[in-house]
Amino acid sequence: MEIDLADLGFWRRPLKERYEAFARLRDLDLPVFFEEKRVPLLRSGGGFYALVRHADVVEAGRNARVFSSEPGVTSPEPPGWVKRVFGESMVNMDDPRHARLRRIVSRAFSPKMLSTLQGDINAACARIVDDAVAAGPGDFVAQIASRLPIHVICDMMGVPDEMRARVHEQVDVSTAYSGVRPSLPRSVGMAVQNTVALLALQRLVIKLGRDRARTPRGDLVSALVTANVDGERLTDRELGSFFTLLLVAGNETARNTMAHGLKLLTDNPGQRRLLTDDFDARIGGAIEEMVRHVSPIMQFRRTVTEDYDLRGLRLKAGDKVVLFYGSANRDDSVFPDADRFDITRDAKPHVGFGGPGPHFCLGANLARQEIRAMFRELLTRLPEIRSVGEPELLVSNFDNSVRRQAYTF
Ligand code: HEM
């Protein structure tokens, strides 16, 4: 099989084939360069070096001064208008702008804030499983996995009940676009739909922010739009970008971990038995192993700011590199027999939540909390729950996204 990571057709291949291709790339002495095509209106051209080994991904993630997140982290690179429309998100910024935003929004993820969410997360899981029991076996993504993360984000942001159906609707539209489409007209159509949906979400939260700035209510949006002790607060545009970032970063990722996670537990009955025999002791390791094995976000890009020697590869300022988290997480030199799902292994060095650097996933602990609560509810109340058949995957070079997964209980 010829390997071309810049050819979007590669991402339509079955997961197993893609992992085999990455294993071959990891065996090569140096990272390979892939040329990207320019598509008018949708993306710039150029190309990137593929970082596929764990050590290389960690080195680039850690050294954010040389491996910059500006001007953007998605690949292929979207054109400039995308940024002008959406405003900038912290995930696309370097310090000090990134550090300032991260300082302000980190309050949403403090241990205190997260512990106040736990009761609500548990209650939401119970309600979702009640509904699933009433509905009977069907699609695990629609009935279970997709419902929790978005609910939690809306709760965190204090999105009022009457606005939530609209948020759901817009998120569904916006995530239907994966960046990989069969034809140009269809791509443009989906991109426009996606843009309109995301802008509607931003408007919604900006309106909420203005209300809260006038009458703070002690919720997170109130905290973000009123000044902290250092006099820092989010502007309208920053609040809008933060909300869409949360919905984009925190929704599909957690949902896909749960959907792939059920399949992994179904396909590995021994591992499932280990987990259910001592849920509290083993769920922490099981979640890390799910995130490692699944790699819900398969890649992020960086741009090199100065000439740099990476394991013998001479990078020049302006070169792009893509950090393939999914490949690093299958690197046998760090995770022996890496394709095996083993909840007892030390999966902690995985880069499923990003490498050890300033952009390490801000929502990692929240995601762990959600996944733990959902599997506790599912495995306790529906001990026979299992996936049926293969998942239907969304074609994407970015998310390891499950569109549908049949299940029964
Ligand atoms: C299993 C679930 C999740 C996975 C696998 C995941 C993965 C990631 C990854 C790989 C990054 C690094 C981006 C980079 O390298 O530049 C990231 C960043 C981020 N994640 Fe997550 N994420 C998950 C859940 C969440 C949740 C639940 C939230 C919030 C509700 C969230 C919010 C964020 C934010 C705000 C960033 C940007 C951090 C920054 O740029 O400083 N994530 N995530």
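Procedures and definitions
Residues numbered from 1 in each chain as written. Predicted model: local features only at pLDDT ≥ 70, side-chain atom pairs only at ≥ 80, totals over all residues. Heavy atoms only, no water. Pairing = 2+ DSSP bridges. Helix = DSSP H or I, 4+ residues; strand = E, 2+ residues; numbered from the N terminus. Near = heavy atom within 4 Å. Polar contact = N/O pair within 3.5 Å; in protein donor to acceptor, adjacent residues only side chain to side chain. Nonpolar A, V, L, I, M, F, W, Y, C, P; charged D, E, K, R; others polar. Donors = N, O, S within 2.8 Å, 3.2 Å for Na, K, Ca; no water. Phe/Tyr/Trp six-rings, centres within 6.5 Å; stacked < 30°, edge-to-face > 60°. Buried < 20%, exposed > 50% of the residue type's maximum accessible area, 1.4 Å probe, protein only. Lys NZ or Arg CZ within 6 Å of the ring centre and 35° of its normal. Contact = heavy atoms within 4.5 Å. Core = buried A, V, L, I, M, F, W, Y, C linked by side-chain atoms within 4.5 Å. Axes fitted to C-alpha atoms, helices over the stretch in contact; angles between N-to-C directions. Parallel < 35°, antiparallel > 145°, perpendicular 65-115°, else oblique. Left-handed = near helix turned anticlockwise from the far one by under 90°.

The name an unreviewed UniProt entry assigns to the protein chain is Cytochrome P450, from the organism Streptosporangium lutulentum.

Bringing the sheet that holds strand E12 (residues 406–408) into the picture now. Spatially, three strands are ordered E4-E12-E9 in an open sheet, and the strand pairing comes out antiparallel. Both edges of this open sheet fall to strand E4 (138–139) and strand E9 (386–387), since each of them pairs with a single strand only. In the sheet, E4 pairs with E12 via two bridges, with the strands oriented antiparallel. Its bridge partner being in E12, Asp139 is matched across the sheet by Ala406.

Residues in close proximity to the ligand total 28 residues, the closest being His98, Arg102, Tyr325, His359 and Cys361. Note that an oxygen atom of the ligand is positioned 2.5 Å from one of the side-chain N or O atoms of Tyr325. At 2.7 Å, a side-chain N or O of His359 approaches an oxygen atom of the ligand. In terms of residues, the shell around the ligand owes the most to one element, helix H11 (residues 236–250), which gives four residues. The residue inventory of the shell around the ligand, partitioned by class, reads 18 nonpolar, eight polar and two charged.

We now examine the coordination of the iron atom of the ligand. Exactly one donor from the protein chain reaches the iron atom of the ligand: Cys361 (SG), at 2.3 Å. Structurally, Cys361 is set in the loop between helix H15 (325–328) and helix H16 (364–381).

With that out of the way, let us pick up the packing of aromatic side chains. Counted under the stated rule, the structure contains 14 aromatic pairs. With centroids separated by 5.8 Å and ring planes inclined at 40°, the aromatic side chains of Tyr407 and Phe409 adopt a geometry described as tilted. The exposure class assigned to Phe409 is partly exposed, which follows from its relative accessible area of 29%. An aromatic cluster of at least three residues, connected via ring pairs, comprises Phe10, Trp11, Phe22, Phe34, Phe48 and Phe324. Its end group placed over the ring of Phe335, Arg292 keeps NZ or CZ at 5.1 Å from the ring centre. The ring of Tyr19 has Arg330 lying over it, and the distance from NZ or CZ to the ring centre is 3.8 Å.

Of note, Gln143 is situated in helix H6 (residues 140–145). For Gln143, a relative accessible area of 18% translates into the label buried. At 3.1 Å, the side chain of Gln143 forms a polar contact with the backbone oxygen of Gly136. Ignoring anything within four residues of it in the chain, the contact list for Gln143 reads Ile128, Ala132, Ala135, Gly136, Pro137, Gly138 and Tyr407.

Another point: helix H2 (residues 54–62). Among the residues of H2, His54, Asp56, Val57, Val58, Ala60 and Gly61 are the ones counted as buried. At its buried positions, H2 is contacted by strand E2 (46–51), strand E3 (67–68), strand E6 (308–310), strand E8 (320–324) and H15.

Residues Phe140, Met157, Val167 and Phe375 are the most contacted members of the largest nonpolar core, which totals 76 residues. When sequence neighbours within four positions are dropped, the list of residues in contact with Phe375 reads Met258, Gly261, Leu262, Leu265, Phe279, Ile283, Met290 and Thr380. By size, the runner-up hydrophobic cluster in this structure holds 21 residues, among which are Val66, Leu323, Tyr325 and Val351.

Working note: regular strand, side chains alternate between the two faces of the sheet. Of all five residues that make up E8, five are buried, and the element is covered over most of its length. Burial along E8 is two-sided: the residues Lys320, Val322 and Phe324 and Val321 and Leu323 are all buried. Relative to E8, E2 is paired through three bridges, and the arrangement is parallel. Across the sheet, the residue bridging to Ala50 is Val322, located in E8.

Okay, the packing of helix H7 (residues 147–157) against H11 next. Packing of H7 against H11 brings their axes to within 9 Å, and their N-to-C directions diverge by 155°. Classified by the angle their axes make, H7 and H11 are roughly antiparallel. At the point where H7 passes H11, the crossing takes the right-handed sense. Seen from H7, the contacting residues are Pro149, Ile150, Ile153 and Met157; seen from H11, they are Leu239, Phe242, Phe243, Leu246, Leu247 and Gly250. The residue inventory of the contact of H7 with H11, partitioned by class, reads nine nonpolar, one polar and no charged.

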